[in-house]
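As a plain string of letters, each chain reads:
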Amino acid sequence: MSLYRITLPLLWISLATAIYFRSDMIMLQWLGVPEAKIGQYAAAFRLIEAVILLANPLAIILFRRMRKRHDDLKTLGQDIPRAALLGVFIGVVCAVTIYFLADPVVSMTYGSKYPDSSNVLTVLSLALVFVLPNAVFTQAALALELDRPYAWAASVAAIVNIGLNFIFIEHYGLLAAAWSTIAAEVILMVVLIFALSVKIKQRGL
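Computed from a predicted structure; not experimentally measured.

Trainee: Which parts of the structure should I look at to understand the overall build of the chain?
Mentor: Across its full length, the chain holds six helices and zero strands. Ordered by position from N to C terminus, the α and β elements of the chain give α-α-α-α-α-α. Counting all 205 residues of the chain, 42% fall into the buried class. Look at the contacts in the chain between residues 6 or more apart in sequence, and 82% of them connect residues 24 or more apart. If you sum the accessible surface of the chain, you get close to 11400 Å²; carbon and sulfur atoms cover 69% of it.

Below, the structure is given as structure tokens:
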């Protein structure tokens, strides 16, 4: 039973994260967006996933560091904001770079048959400003055993993502899906920051 209580929040986190991070293309298809347009969105999204994939090893190292220091909340209280700000900085650099290089990157990666992917990629790149610091907050939350608050955060992000997609995709198409992804990341960040702040204050920092 104890194993069940430990693993259930983690399983729910994985499910909710998959929903809010993957629901865009499902919603695009469900709401009748042509397959060719969905392919344009998928192409841009793959490039963003590639950037996130490169950051995953750093997130694993960060989790190990935070897990070792989970009792030293004073140090963590300093390390988490610094690491998160570094994530924001890298995200901004990536977004600015993509803004200027979206067309050649898409052309070089997929060829000339994906003209709409450049605009989608430019908008989706803004999500990196939140995704990368959220990786920091995620590892901090797991290291501090905030599995349940993180599960709630991921669930709220999934609901926001699906709701915004349902409301706006019909009128704004691919860009609505991109902005919905950004909104979900913002919601996740706000909830995680709140949960981490409460945890640290409760422990006397």
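On we go.
Trainee: Any chance you could explain the packing of aromatic side chains here in plain terms?
Mentor: Here the distance between the centres and the angle between the planes together describe a pair of aromatic rings. Under the counting rule described, the total for this entry stands at five aromatic pairs. Aromatic pair Phe 168 and Tyr 172: ring centres 6.2 Å apart, planes at 45°, arrangement tilted. Linking Phe 168 with Tyr 172, this pair stays in helix H6 (residues 147-202), spanning four residues, or about one helical turn. In this structure Phe 168 comes out as partly exposed when scored by relative accessible area, which is 36%.

Trainee: I'm lost on the nonpolar core in this one. Help?
Mentor: When a protein is soluble and globular, its nonpolar side chains tend to lie buried together. In this structure, Leu 28, Tyr 41, Ile 48, Leu 121, Leu 124 and Ile 169 are the most contacted members of the largest nonpolar core, which totals 26 residues. Those elements giving two or more residues to this core turn out to be helix H1 (2-30), helix H2 (35-68), helix H3 (73-110), helix H4 (117-124), helix H5 (128-143) and H6. By residue number, the principal contributor to this core is H2, which donates seven residues. The residues touching Leu 124, leaving out its near neighbours within four places in the chain, are Tyr 41, Ala 44, Phe 45, Ile 48, Ala 178 and Thr 181. By size, the runner-up hydrophobic cluster in this structure holds 18 residues, among which are Leu 76, Val 136, Ala 157 and Met 189.

Trainee: I keep staring at H5 and nothing clicks. Help me out?
Mentor: Side chains that are three or four residues apart share a direction in an α-helix, a result of its 3.6 residues per turn. With 16 residues, H5 extends 22 Å from end C-alpha to end C-alpha; this agrees with the ideal 22 Å at 1.5 Å per step. With 13 of 16 residues buried, H5 lies mostly within the body of the structure. At the exit of H5 stands Glu 145, carrying a positive phi of roughly 60°.

Trainee: Would you take a moment to explain the packing of H5 against H6 for this structure?
Mentor: To describe two helices that pack against each other, one gives the angle between their axes and the distance between the axes. In the contact formed by H5 and H6, the axes pass within 9 Å of each other and the chain directions differ by 30°. One finds that H5 runs roughly parallel with respect to H6. When you trace H5 past H6, the crossing you get is left-handed. Along its contact with H5, which presents Val 129, Phe 130, Val 131, Pro 133, Asn 134, Phe 137, Thr 138, Ala 140, Ala 141 and Leu 142, the element H6 presents Asp 147, Tyr 150, Ile 182, Glu 185, Val 186, Leu 188, Met 189, Leu 192, Ile 193 and Leu 196.

Trainee: Just checking my understanding: could you explain the side chain of Ser 180 for this structure?
Mentor: Of note, Ser 180 is situated in helix H6. If sequence neighbours within four positions are ignored, Ser 180 has contacts with Asn 161, Leu 164 and Asn 165.

Conventions and cut-offs
Residues numbered from 1 in each chain as written. Predicted model: local features only at pLDDT ≥ 70, side-chain atom pairs only at ≥ 80, totals over all residues. Heavy atoms only, no water. Helix = DSSP H or I, 4+ residues; strand = E, 2+ residues; numbered from the N terminus. Buried < 20%, exposed > 50% of the residue type's maximum accessible area, 1.4 Å probe, protein only. Contact = heavy atoms within 4.5 Å. Areas by Shrake-Rupley, 256 points an atom, 1.4 Å probe, with all protein chains shown as cover. Phe/Tyr/Trp six-rings, centres within 6.5 Å; stacked < 30°, edge-to-face > 60°. Core = buried A, V, L, I, M, F, W, Y, C linked by side-chain atoms within 4.5 Å. Expected span 1.5 Å × (residues − 1). Axes fitted to C-alpha atoms, helices over the stretch in contact; angles between N-to-C directions. Parallel < 35°, antiparallel > 145°, perpendicular 65-115°, else oblique. Left-handed = near helix turned anticlockwise from the far one by under 90°.

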